Amino acid sequence: MNGPLSNDITLLLRKMEEGEAGALDQLMRVVYDDLERMAASHLRRQFGERMGQLTLEPAALVNESFLRLIKQRKAYDNRGQFFAIATKVMLRVLMDYRR
């Protein structure tokens, strides 16, 4: 994703870093659908046919990942870095879930 939305995400990340009220909520609204698609994709790859037996749904994976992501880091250079780190965090959540 490039263009205006990509710039919006980078701007929201900067506002969040600066501590602007509401920036985190705005960011979550903007990136939630992309994160949920990523989560569903990771779940399909990790669990395949067993997905119907899981208690972990994409929305729960997004929520847990987002909480960890925000706790571990206060600043991101841009949208690309944010999504790259979000992917790593999601995979760690899935590893914890498998245990």
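A brief structural summary. Because the structure is predicted, anything quoted here is derived from the model rather than measured.

1. Quick look at the nonpolar core
With 28 residues, the main nonpolar core has Leu27, Val31, Leu35, Leu61, Phe66 and Phe82 as its most contacted residues. When contributions to this core are tallied by element, the ones reaching two or more residues are helix H1 (4–17), helix H2 (23–47), helix H3 (58–72) and helix H4 (79–98). No other element matches the nine residues that H2 contributes to this core.

2. Some details on the packing of H2 against H3
The interhelical angle for the contact between H2 and H3, taken along N-to-C directions, is 125°, at an axis separation of 8 Å. As far as their axial angle goes, H3 and H2 are oblique. Regarding H2 and H3, the two cross each other, and that crossing is right-handed. Every residue of H3 that contacts H2 at Leu24, Leu27, Met28, Val31, Tyr32, Leu35, Glu36, Ala39, Ala40 and Leu43 is listed here: Pro58, Ala59, Leu61, Val62, Asn63, Phe66 and Ile70. Partitioning the contact of H2 with H3 into residue classes produces 15 nonpolar, one polar and one charged.

3. Looking at the packing of H2 against H4
Two elements in contact, H2 and H4, have axes separated by 10 Å at closest approach and are oriented at 45°. Compared by their axis directions, H2 and H4 come out oblique. Note on packing geometry: the crossing formed by H2 with H4 is right-handed. Of the residues in H4, those touching H2 at Leu27, Val31, Asp34, Leu35, Met38, Ala39, His42, Leu43, Gln46 and Phe47 are Phe82, Phe83, Ala86, Thr87, Met90, Leu91, Leu94, Tyr97 and Arg98. Residue composition of the contact of H2 with H4, by class: 14 nonpolar, three polar and two charged.

4. Overview of H4
Each α-helix turn comprises 3.6 residues. Residues three or four places apart therefore point the same way. With 20 residues, H4 ought to run about 28 Å at 1.5 Å a step, and its terminal C-alpha atoms sit 29 Å apart, in line with that. Two to three positions downstream of the cap, the backbone nitrogen of Gly80 sits 3.0 Å from a side-chain oxygen, assigning the N-cap of H4 to Asn78.

5. Re the packing of aromatic side chains
Inspection of the entire model under this criterion finds two aromatic pairs. A ring pair is formed by Tyr76 and Phe82, whose centres lie 5.3 Å apart and whose planes are at 85°; its orientation type is edge-to-face. Note on accessibility: Tyr76 and Phe82 belong to one class, buried. When the centroid spacing of 5.3 Å and the interplanar angle of 80° are considered together, the rings of Phe82 and Phe83 count as edge-to-face. Looking at Phe82, the relative accessible area reads 0%, which means it is buried. These aromatic residues form a ring-pair network of at least three members: Tyr76, Phe82 and Phe83.

About the criteria used
Residues numbered from 1 in each chain as written. Predicted model: local features only at pLDDT ≥ 70, side-chain atom pairs only at ≥ 80, totals over all residues. Heavy atoms only, no water. Core = buried A, V, L, I, M, F, W, Y, C linked by side-chain atoms within 4.5 Å. Buried < 20%, exposed > 50% of the residue type's maximum accessible area, 1.4 Å probe, protein only. Helix = DSSP H or I, 4+ residues; strand = E, 2+ residues; numbered from the N terminus. Axes fitted to C-alpha atoms, helices over the stretch in contact; angles between N-to-C directions. Parallel < 35°, antiparallel > 145°, perpendicular 65-115°, else oblique. Left-handed = near helix turned anticlockwise from the far one by under 90°. Contact = heavy atoms within 4.5 Å. Nonpolar A, V, L, I, M, F, W, Y, C, P; charged D, E, K, R; others polar. Expected span 1.5 Å × (residues − 1). Polar contact = N/O pair within 3.5 Å; in protein donor to acceptor, adjacent residues only side chain to side chain. Phe/Tyr/Trp six-rings, centres within 6.5 Å; stacked < 30°, edge-to-face > 60°.

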